[in-house]
Amino acid sequence: MPNNTNNILLIGPMGSGKTSVARLLANNLDKKFLDTDEEIMKKTGVDIAYIFDMEGEEGFRKRECLALKECLADNNMVLSTGGGIVLSKENRNILKDRGTVVYLQTSISSQVERTASSNNRPLLKNKDAEETLEKLMLTRGPLYEEIADITIMTDNKSLQEMSKEIQREINEY
Ligand code: S3P
């Protein structure tokens, strides 16, 4: 979806590499890097797991929607979003409107591998990661696809390869 914001908006599941790729891409393209989870942590002074503990997923989602709107008040950025941002229709509309949406498609096994060392992902805490990520993908996969302008498969690719591929696709878009 062409628009004149110059924003690149990364969506995809936990463990797809959104934050690392967004940071690199922003650097390569001389754009500002933002991340909705980081903005929430900066604003609240606590980590995401603590927000889930205190306010549940519902409280977190409200903060996430607000963070998305605040981030996207600006232009010329690469924005990394939380894996569940697409659950809200409002968020999906905002994303579609405010930039080129890039979906980092990732197999469940890569997601499991990349999230294994993290202890700040409350939805995976004390759960079987593979089963949980599979379940999440069943609901969220179609939502990522619904708003993606560009889809990149991330399995077995380095951050630099992903970043270059996104740059290429955006130039052709
Ligand atoms: C979530 C993904 C996380 C974070 C929160 C919820 C999700 O972000 O927003 O733990 O619902 O998939 P990452 O996708 O960056 O891990």
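Here the structure is shown first, and the text comes after it.
Computed from a prediction, not measured in an experiment: that's the story for all the values here.

**Q** When you look at the sheet that holds strand β2 (residues 32-35) in this model, what are you seeing that I'm missing?
**A** Working definition: the strands of a sheet are paired by backbone hydrogen bonds and lie parallel or antiparallel to each other. Strand order in this open sheet of five strands is β2-β3-β1-β4-β5, and the pairing throughout is parallel. With one partner strand each, in any of the chains shown, β2 and β5 (150-153) form the two edges of the open sheet. With strand direction ignored, the average angle separating the axes of adjacent strands in the sheet is 20°. The pairing of strand β1 (residues 8-11) with strand β3 (residues 77-80) spans three bridges and is classified as parallel. Counterpart to I8 in the pairing with β3 is V78. Relative to β2, helix α2 (residues 36-44) is tilted by about 75°, and along the sheet it contacts β2 and β3.

**Q** Can you walk me through a negative patch on the surface in this structure?
**A** A contiguous patch of negative charge, built from D128, E130, E131 and E134, is present on the exposed surface. Position of E131 relative to the elements: it lies in helix α6 (residues 129-147).

**Q** Would you take a moment to explain the site of the ligand for this structure?
**A** Lining the immediate surroundings of the ligand are 13 residues, of which K18, R61, G83, R121 and R140 lie closest. One of the side-chain nitrogen or oxygen atoms of R61 is found 2.7 Å away from an oxygen atom of the ligand. At 3.4 Å, a backbone N or O of G84 approaches an oxygen atom of the ligand. When the free accessible area of the ligand is taken as 380 Å², the share hidden by the protein chains comes to 95%. Structurally, the ligand is housed in the largest pocket. Counting residues per element, the shell around the ligand draws most heavily on helix α3 (residues 48-71), at three residues. Across the shell around the ligand, the residue classes tally to five nonpolar, three polar and five charged.

**Q** How should the side chain of Q111 be read in this particular structure?
**A** Tracing the backbone shows Q111 in helix α5 (residues 108-115). Once residues lying within four places of it in the same chain are set aside, the contact partners of Q111 are P13, M14, G15, T106, L133 and M137.

**Q** Looking at this structure, how should I read the nonpolar core?
**A** What tends to happen in soluble globular proteins is that the nonpolar side chains get buried as a cluster. One finds I11, L68, L72, L79, V86 and L95 to be the most contacted residues of the largest nonpolar core, which totals 30 residues. Broken down by element, the residue count for this core peaks at seven residues, all from α3. Of all hydrophobic cores here, the second largest spans 14 residues; its members include L25, V78, V102 and I166.

**Q** Help me understand the packing of aromatic side chains in this model?
**A** The geometry of an aromatic ring pair is captured by the separation of the ring centres together with the interplanar angle, meaning the angle of the planes. On inspection of all chains with the given rule, the structure shows two aromatic pairs. Relative to F60, the ring of F52 has its centre 4.9 Å away and its plane inclined at 35°; by these criteria the two rings are tilted. A residue is classified by how much of its surface remains accessible, and F60, at 4% relative accessible area, is buried.

**Q** Any chance you could explain the pattern of salt bridges here in plain terms?
**A** Side-chain pairs of opposite charge can arise whenever the charged atoms involved come near each other. In this structure the tally under the stated criterion is eleven salt bridges. Residue K42 is joined to E39 by a salt bridge in which the shortest nitrogen-to-oxygen separation is 3.1 Å. Placement of both K42 and E39 in helix α2 is noted, with a separation of three residues, approximately one turn of the helix. Take K42: its relative accessible area is 61%, and that puts it in the exposed class. Assessed through its relative accessible area of 22%, E39 is described here as partly exposed.

**Q** Help me out: how do you make sense of empty space enclosed by the protein in this one?
**A** Which parts of space are left empty comes out when a probe the size of a water molecule is rolled across the atoms. Taken as a whole, this structure holds one cavity of 30 Å³ or more when the rule is applied. Looking at the largest cavity, its volume works out to about 40 Å³. Taken together, P13, M14, Q111, L133, L136, M137, R140 and Y144 make up the full set of residues lining the largest cavity. With five residues, the single largest contributor to the lining of the largest cavity is α6. Of the residues that constitute the lining of the largest cavity, the class distribution is six nonpolar, one polar and one charged.

How each quantity is defined
Residues numbered from 1 in each chain as written. Predicted model: local features only at pLDDT ≥ 70, side-chain atom pairs only at ≥ 80, totals over all residues. Heavy atoms only, no water. Pairing = 2+ DSSP bridges. Helix = DSSP H or I, 4+ residues; strand = E, 2+ residues; numbered from the N terminus. Axes fitted to C-alpha atoms, helices over the stretch in contact; angles between N-to-C directions. Contact = heavy atoms within 4.5 Å. Patch = residues over 30% accessible without salt bridge, like charges linked within 9 Å, V, L, I, M, F, W, Y side chains within 5 Å. Areas by Shrake-Rupley, 256 points an atom, 1.4 Å probe, with all protein chains shown as cover. Salt bridge = Lys/Arg side-chain N within 4 Å of Asp/Glu carboxyl O. Lys, Arg positive; Asp, Glu negative; His and termini not counted. Charge placed at Lys NZ, Arg CZ, Asp CG, Glu CD. Near = heavy atom within 4 Å. Polar contact = N/O pair within 3.5 Å; in protein donor to acceptor, adjacent residues only side chain to side chain. 1 Å grid on protein atoms, 1.4 Å probe; cavity = no way out; pocket = protein on both sides within 12 Å on 5 of 7 lines; lining within 4 Å. Sits in = over half its atoms within 2 Å of the grid points. Nonpolar A, V, L, I, M, F, W, Y, C, P; charged D, E, K, R; others polar. Core = buried A, V, L, I, M, F, W, Y, C linked by side-chain atoms within 4.5 Å. Buried < 20%, exposed > 50% of the residue type's maximum accessible area, 1.4 Å probe, protein only. Phe/Tyr/Trp six-rings, centres within 6.5 Å; stacked < 30°, edge-to-face > 60°. Points joined across faces, edges and corners; volume = space filled by probe spheres on them.

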